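Coordinate inspection notes
What follows is the residue order along each chain.
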Amino acid sequence: MFGIIVGTHGRFAEELVKSCEMICGEQKNVRAVTLVPGEGPDDVVRKYETAIKELDCDGGVLFLNDLFGGSPYNAACRLVINNEAYGIVTGVNLPMLIEMTSAQLADDGSDSITTLMERAVEAGKNGTQTFHKSTVGTDDEDDL
């Protein structure tokens, strides 16, 4: 199985994992790692290392970070550079996390970390949609 670590600025990671659990149930192989004021990249690396020890990471680790180039991302890079079974996807959102927790349940070890990363990116993109009144037919607006 692969582990999922959601790493973000502030408490966003914790709340994202809680929201995922609200929809999908308890997630035993997912950890939230936060960067809070007063902490730096070394603190986040230590939190990541602790999370990795707690998770089943035989199939690798997927880091889902909020922001490309931010401290949680940079800290993850320090670990990913030394392990081919680790990967990072930025721009984490709830659809992405739900897709990846579902992938964990079905994980038979056949997907590489890069395949999982591609799947996460696709889920994140597909979770972004638009709606505007102009896209709705004007036949009978009361049907909304």
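An account of the accompanying structure is given in this report.

The rules behind each value
- Residues numbered from 1 in each chain as written.
- Predicted model: local features only at pLDDT ≥ 70, side-chain atom pairs only at ≥ 80, totals over all residues.
- Heavy atoms only, no water.
- Helix = DSSP H or I, 4+ residues; strand = E, 2+ residues; numbered from the N terminus.
- Buried < 20%, exposed > 50% of the residue type's maximum accessible area, 1.4 Å probe, protein only.
- Contact = heavy atoms within 4.5 Å.
- Areas by Shrake-Rupley, 256 points an atom, 1.4 Å probe, with all protein chains shown as cover.
- Axes fitted to C-alpha atoms, helices over the stretch in contact; angles between N-to-C directions.
- Parallel < 35°, antiparallel > 145°, perpendicular 65-115°, else oblique.
- Left-handed = near helix turned anticlockwise from the far one by under 90°.
- Nonpolar A, V, L, I, M, F, W, Y, C, P; charged D, E, K, R; others polar.
- Pairing = 2+ DSSP bridges.
- Salt bridge = Lys/Arg side-chain N within 4 Å of Asp/Glu carboxyl O.

A count of helical and extended segments in the protein chain gives five helices and four strands. Order of helices (α) and strands (β) in the protein chain, N terminus to C terminus: β-α-β-α-β-α-β-α-α. Overall, the protein chain is about 60 × 40 × 25 Å in size when its C-alpha atoms are taken along their principal axes. By the burial criterion, 40% of the 144 residues in the protein chain qualify as buried. Contacts spanning at least 24 positions in sequence make up 74% of the contacts within the protein chain whose residues lie at least 6 apart. Accessible surface for the protein chain amounts to roughly 8,300 Å². Of this, 50% is attributable to carbon and sulfur atoms.

Our next topic: the packing of helix H2 (residues 41-54) against helix H3 (residues 71-80). Remark: H2 packs on H3, axes separated minimally by 9 Å, with the N-to-C direction vectors making an angle of 55°. Judged by the inter-axis angle, H2 sits oblique to H3. Judged by the sense of rotation from one axis to the other, the crossing of H2 with H3 is right-handed. Of the residues in H3, those touching H2 at Pro41, Asp42, Val44, Val45, Tyr48, Glu49 and Ile52 are Ser71, Pro72, Ala75, Ala76, Arg78 and Leu79. A per-class count over the contact of H2 with H3 returns nine nonpolar, one polar and three charged.

Strand order across the open sheet formed by four strands is S2-S1-S3-S4, with parallel pairing between neighbours. A single partner strand is all that each edge strand has here, and the edge strands are strand S2 (30-35) and strand S4 (86-90). Each strand axis lies, on average, 20° off the axis of its neighbour in the sheet, ignoring direction. With five bridges joining them, strand S3 (residues 61-65) and S4 adopt parallel strand pairing. Residue pairing for S4: Val61 is matched across the bridge by Tyr86. Across the sheet, helix H5 (residues 113-126) touches S3 and S4, and the angle it forms with S4 is around 10°.

The next subject is the pattern of salt bridges. Going through the model one piece at a time under the given rule, you end up with seven salt bridges. For the salt bridge of Glu15 with Lys18, the shortest nitrogen-to-oxygen distance reads 3.4 Å. With Glu15 and Lys18 both in helix H1 (residues 12-24) and three residues apart, the pair spans about one turn of that helix. According to the relative accessible area criterion, Glu15 is partly exposed, its value standing at 41%. Here Lys47 and Glu39 are joined by a salt bridge, their closest N and O atoms 2.9 Å apart.

Shape is all these values report; function is a separate question.
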